[in-house]
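Summary of structural features
Now for the letters of each chain:
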Amino acid sequence: MIRVMELDDETRRKQRKRSIAIALALGALALLFFIVTIVRLGSNVANRPF
Amino acid sequence: MPLQRSRADAAASGGGDVADFVALMKPRVMSLVLFTALTGLVAAPGAMHPVLAMAALICIAIGAGASGALNMWYDADIDALMTRTARRPLPSGRITAHEALTFGTVLSIGSVLCLGAMVNWSAAALLALTIGFYIFVYTMWLKRRTPQNIVIGGAAGAFPPMVGWAAATGAVSLDSVLLFAIIFMWTPPHFWALALVRTRDYERAGIPMLPVVAGPDETRRQILLYSILLAPLATVPAFTGLGGTVYAGVSFVLGLVFLILAADVYRVREGAPADRAAKRLFSFSIFYLFLLFAIILAEHTFGLVGGS
């Protein structure tokens, strides 16, 4: 039998803060990859052959 | 159904705060790594796009933090025994061993892959080497086995400027090896000065630091020997073009001060004055390395050196 129980407020609050921190870190990483991609393409973005 | 977790799941977490995970990355070591990596990156020839430079520094910092977390995972047992480290997140139970291991592993691999994908793979390979060296060679192999632990393990702390340099140029050069060599030679006198004051702590944790194994007298001799190698080596950048006129002057004068303080540690061996001498050398060694790198950084930033 799986016993399911409520977490106390303090534990839940910390868990929530950790989740938000992970979300922010992943968002920042995605943004960083986007910006770096644009920078590396540089002016070549305009040089498409079509 | 509201968001619920089983008791077993809750026990798998130490209930650590975000701040505990930040502490796991050894932020003070991280900032030092960031600073020396930045110096290597800026001192390297050629211009790097600021966004790429920033991306490189973020990856290097995260990689350094990840190796800090893995180090704390592996060393939790001895950290619990030393006053300086007993309040770290693992020995105090706020983060579980499993959490620290996962956190460190994910960030290690992630930082290397990101650095390779965003900047270049030579820098990524060097970052992987740094992390691997710190964890496998220093933490797992040498630290608990030999008094030469910090001599060879010091290489891990000396790599960051080379990683920064490789991020900018895609290669290793004589000047970047020189930055490595300065930190490498600086590490033993720096840590042994601390170990002289903290000998009992290391003894209790069973870490074979030099003063524990070979005694304080031999440690004082070794500190002096490494200082005699370090002081002239630290002036070499002035001759290779890596450092300018300011660097030449400052490295010479500070090198002399370093030697004088090391000689004090060698001479004064009894009681409180001996402790004071060791603490003085320890504090000065931080200032010394910081200033040398800050000057190289400043000279290259403001174009005070030929060829940059």
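What counts, and where the lines are drawn
- The numbers attached to residues start from 1 for each chain and follow its sequence in the written order.
- Note on labels: chains are lettered from A, ligands numbered from 1, in written order.
- Under the rules for a predicted model, residues below a pLDDT of 70 receive no local features and side-chain atom pairs below 80 are neither given nor counted, while totals for whole chains, interfaces and linings still include all residues.
- Per the convention used, a helix needs a DSSP run of H or I reaching at least four residues, while a strand needs a run of E reaching at least two, with both numbered from the N terminus.
- Neighbour counting defines burial: a residue surrounded by 20 or more other C-beta atoms within 10 Å of its own C-beta is buried, one with 12 or fewer is exposed, and intermediate counts give partly exposed, using backbone-placed C-beta atoms.
- Between N-to-C directions, angles cover 0 to 180 degrees, with each direction set by a line fitted to C-alpha atoms, over the stretch in contact for helices.
- For classification, angles of less than 35 degrees are called roughly parallel, those exceeding 145 degrees roughly antiparallel, those between 65 and 115 degrees roughly perpendicular, and all remaining angles oblique.
- Left-handed describes a crossing in which the near helix is turned anticlockwise from the far one by less than a right angle; the clockwise case is right-handed.
- Residues are scored as being in contact if the C-beta atoms we place from backbone atoms lie within 7 Å.
- Each residue receives one of three labels: charged for Asp, Glu, Lys and Arg, nonpolar for Ala, Val, Leu, Ile, Met, Phe, Trp, Tyr, Cys and Pro, and polar for the others, Gly being one of them.
- Start and end points for every domain follow an automatic or database-based domain assignment.
- Under the definition applied here, buried Ala, Val, Leu, Ile, Met, Phe, Trp, Tyr and Cys residues are grouped into a nonpolar core through C-beta atoms within 7 Å.

Some words on the environment of Asn47(A)
Residue and element names in this part refer to chain A. Among the structural elements, Asn47 can be located in the segment after helix H1 (9-41). Taking the C-beta count within 10 Å as the criterion, Asn47 has 8 such neighbours and is therefore assigned exposed. A C-alpha to C-alpha distance of 34 Å links Asn47 and Leu24, two positions 23 residues apart in sequence.

A short note on the packing of helix H7 (residues 121-142) of chain B against helix H9 (residues 160-169) of chain B
Residue and element names in this part refer to chain B. Between H7 and H9, whose axes approach to 8 Å, the crossing angle comes to 165°. On the basis of their axis angle, the class for H7 and H9 is roughly antiparallel. The handedness of the crossing between H7 and H9 comes out as left-handed. Counting all contacts with H7, which are made through Ser122, Ala123, Leu126, Leu127 and Thr130, the residues of H9 involved are Pro160, Met162, Val163, Ala166 and Ala167. A per-class count over the contact of H7 with H9 returns eight nonpolar, two polar and no charged.

Regarding the domain arrangement of chain B
Residue and element names in this part refer to chain B. Its domain assignment divides chain B into domain 1 (12-172) and domain 2 (173-308). The C-alpha centroid of domain 2 is placed 22 Å from the C-alpha centroid of domain 1. Broken down by secondary-structure element, the contributors of at least two residues to the side of domain 1 that touches domain 2 are helix H3 (27-43), helix H8 (149-158) and H9. Ranked by residues supplied to the side of domain 1 that touches domain 2, first place goes to H3 with seven residues. Taken together, the residues of the side of domain 1 that touches domain 2 break down into 19 nonpolar, seven polar and four charged.

Concerning the nonpolar core
All names here are of chain B. Judged by nonpolar contacts, the single largest core of 98 residues is most densely connected at Ala56, Ile60, Ala69, Leu115, Ala123, Leu127 and Val163. Split by domain, the residues of this core number at least three in each of domain 1 (12-172) and domain 2 (173-308). For Leu127, the residues in contact, after removing those within four places along its chain, are Cys59, Ile60, Gly63, Ser111, Val112, Leu115 and Val163.

Remarks on unusual backbone geometry
All names here are of chain B. Its identity is not glycine, yet Lys26 carries a phi of approximately 50°, on the positive side. Looking at where Lys26 falls in the secondary structure, it is placed in the loop between helix H2 (18-24) and H3. On the basis of neighbour count, Lys26 is assigned to the partly exposed category, with 19 C-beta atoms found within 10 Å.

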